Amino acid sequence: MRIKMYTKAYCSYCYAAKNLLNKRGLEFEEVSVSGDLKAERKMRKLTGGTTVPQIIIDGKPIGGYTELVELDMEGAL
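Definitions and limits used
- Residues numbered from 1 in each chain as written.
- Predicted model: local features only at pLDDT ≥ 70, side-chain atom pairs only at ≥ 80, totals over all residues.
- Heavy atoms only, no water.
- Pairing = 2+ DSSP bridges.
- Helix = DSSP H or I, 4+ residues; strand = E, 2+ residues; numbered from the N terminus.
- Axes fitted to C-alpha atoms, helices over the stretch in contact; angles between N-to-C directions.
- Parallel < 35°, antiparallel > 145°, perpendicular 65-115°, else oblique.
- Left-handed = near helix turned anticlockwise from the far one by under 90°.
- Contact = heavy atoms within 4.5 Å.
- Nonpolar A, V, L, I, M, F, W, Y, C, P; charged D, E, K, R; others polar.

Asks: Would you mind going over the pairing of strand S4 (residues 60-63) in detail, with residue names and values included?
Replies: Bridge analysis of strand S3 (residues 54-57) against S4 gives three bridges, and the strand direction is antiparallel. The residue of S4 that forms the bridge with Ile 57 is Lys 60. Connecting S3 to the antiparallel partner S4 that follows it, the hairpin turn spans two residues, and Asp 58 within it adopts a positive phi of roughly 50 degrees.

If you want it as C-alpha cells, here you go:
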C-alpha cells in the first residue's frame, strides 16, 4: 500500500492522521504544503481538495482524516 499525505504545519487533523498511520505501522510519504504554493496547487489538482490533510492511497484520493478513520474502522487500512 502506497500512501501519500499532503499536510500543513500546526494542523491537528494532519497530526491525528499521521498518528493513526504510525499506530497501524503503515509507512507514508508526507508532503508539506506550508508556504509552498506550487505543492498546494499540485495537491488541489490531484485530489480536488482544498483542506489538509489530503490523503492518496495507491494513487486514489480518499479525502482527509475523517475518511481515513472510516477506512480504518472498515478494516481497509
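From this point, things continue past the structure.
Asks: I'd like a rundown of unusual backbone geometry, residues and numbers included.
Replies: Residue Pro 53 is bonded to the preceding Val 52 through a cis peptide linkage, with omega at 0 degrees. Mapped onto the elements, Pro 53 comes out in the loop between helix H2 (37-47) and S3. The backbone of Tyr 10 shows a phi angle near 65 degrees, a positive value even though the residue is not glycine. The topology assignment puts Tyr 10 in the loop between strand S1 (3-7) and helix H1 (12-23). You will see that Asp 58, though not glycine, has its phi angle at about 50 degrees, which is positive.

Asks: Quick one: what's the story with the packing of H1 against helix H3 (residues 65-73), residue by residue and with numbers?
Replies: Where H1 meets H3, the axes come as close as 9 Å, and the angle between the chain directions of the two elements is 25 degrees. Judged on the interaxial angle alone, H3 and H1 are roughly parallel. In the crossing of H1 with H3, the sense of the turn from one axis to the other is left-handed. Residues Tyr 13, Ala 16, Ala 17, Leu 20 and Leu 21 of H1 form the contact with H3, whose participating residues are Tyr 65, Leu 68, Val 69 and Asp 72. Per-class residue counts for the contact of H1 with H3 are eight nonpolar, no polar and one charged.

Asks: Could you give an account of the sheet that holds S3, naming the residues involved and the relevant values?
Replies: Ordered in space as S2-S1-S3-S4, the four strands form an open sheet in which the pairing is mixed. In this open sheet, the two strands that pair with only one neighbour each are strand S2 (29-32) and S4. Ignoring strand direction, the axes of neighbouring strands in this sheet form an average angle of 25 degrees. Each of S1, S2 and S3 touches H1; the most contacted strand, S1, lies at about 160 degrees to it. Lying on the sheet, H3 is in contact with S3 and S4; it crosses S4 at an angle near 100 degrees.

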